[in-house]
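Fold and contact review
The lines below spell out each chain.
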Amino acid sequence: MQMLRIGELVVSRFRGSCERPKPVAKESEMAPSSRILAVGGVLASLIVLITANARPPARARQLLPIPDRLVVLTFDDGTKSDVAYVAPMLKQYGFGASFYVTEGLRDIKGEDDALTWDDIHKLNSMGFEIGNHTETHPDVTTLTKQQFTEELEGIENRCKHYGIPLPTTFVYPGYSFNIQAAEVLLGKGYLFARRGVSPEYPDSGDGGRGPVYDPAKDHPLLLPTTGYSGPKWGIGDLVWAVEQAKNGKIAILNFHGVPYPRAPWVTTDPAVFARYMKYLAKKGCTVIAMRDLAKYVEPATASRIPLRRPEGTSTSGNSSHRPPHLDQRLSVPRLSDRRGLNEFPTRTILHVGL
Ligand SMILES: [Zn+2]
């Protein structure tokens, strides 16, 4: 029964709240033949109910077995290379992927390197997932529940406006996360959310290894990053990540711009990226978007894993030990002239491009 409820939830998120249910004819308006059919339908329903009670309840949704070398591809921040370079290459290989978009980071990306909503619409039309990376790219640990909700709804409203399905997955900006934010995501029906490599692994802020996703242990709204591309992450780390993806565990990879000229700490050279994708294809990896995890594991709305902070001692993206470029926090007024859809108050923005 729980699974049916989840199915309804997912459907209702995609359908939107404006759509009205179709009217049903009253019994008095029905033709006699329709009444006979209606009575027959009720009897049939009763028989189904009685029969169903006599058997053990069947699973509403069958999960697929998790294959070895299952890899989730995620791209953060919404830079032009997503649509100009990455997406066409992924289509050639038949890979799935998720693109996490934000209206923030304009001072890093510049208008010339930021995806437009037409670009985002195109990525969606190509079959890729559009995920929520917040409206302004803030440090979510500094936000109230209400402020975080507004950040999510900024992107949700834009998706609605541009005819893109409401996001069901999320990535924490700058890898900075807390349980309060995960609770907000759960309340809004989000299915999966990805954090960074810490606290299990140290995060230099320049690319690195992280834990493989273990569906028996990791909460769906606190998925770890198994590897994120940057100067300190290369082909050897990709090979390592894929090797971890076995025995029911899943590798989750994270890229930013390919390239990302104004955020060199998380940039990926296009030729090197091409080599990475070729390797995934050669190894016969199953490469999917984050939303597709729901085929293999229970999403947050059905998970029995407790929502608590992962164990580990390494510093996360919001630590004072991180490199100087990770401490560039600014408080900037919203530019209402380019926003159009809704207003946001002044708040702390995490200008780290992660
Ligand atoms: Zn980001």
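The following refers to the structure shown. (Residues numbered from 1 in each chain as written. Predicted model: local features only at pLDDT ≥ 70, side-chain atom pairs only at ≥ 80, totals over all residues.)

On to the nonpolar core. Val71, Val72, Ala193 and Ala251 are the most contacted members of the largest nonpolar core, which totals 63 residues. Other than its neighbours up to four places away in sequence, Ala193 contacts Thr169, Phe170, Val171, Tyr172, Ala182, Leu185, Leu221, Leu222 and Leu223. Residues Val197, Tyr228, Tyr260 and Ala263 belong to the second largest nonpolar core, which totals 8 residues. (Core = buried A, V, L, I, M, F, W, Y, C linked by C-beta atoms within 7 Å. Buried ≥ 20, exposed ≤ 12 C-beta atoms within 10 Å, placed from the backbone. Contact = placed C-beta atoms within 7 Å.)

This part is about helix H3 (residues 81–93). Taking 1.5 Å of rise per residue, the 13 residues of H3 would be expected to cover 18 Å, and the 17 Å separating its terminal C-alpha atoms lies within 8% of that figure. Buried residues of H3: Ser81, Asp82, Val83, Val86, Ala87 and Leu90, and no others. In the core, the buried residues of H3 are packed alongside strand S1 (70–76), strand S2 (98–101) and helix H5 (117–125). Downstream of H3 by a residue or two, Gly94 has a phi angle that is positive, lying close to 75°. (Helix = DSSP H or I, 4+ residues; strand = E, 2+ residues; numbered from the N terminus. Expected span 1.5 Å × (residues − 1).)

Put simply, Ser198 and Pro199 share a cis peptide bond, and its omega is 15°. Take Pro199: it is sitting in the loop between strand S5 (192–194) and strand S6 (208–209). Here the phi dihedral of Arg69 falls at roughly 60°; this positive angle occurs in a residue that is not glycine. We note that Thr134 has phi near 75°; this positive angle belongs to a residue other than glycine. Note that Thr134 resides in the loop between strand S3 (129–132) and helix H6 (145–161).

All quantities given are derived from atomic positions and should not be read as evidence of function.
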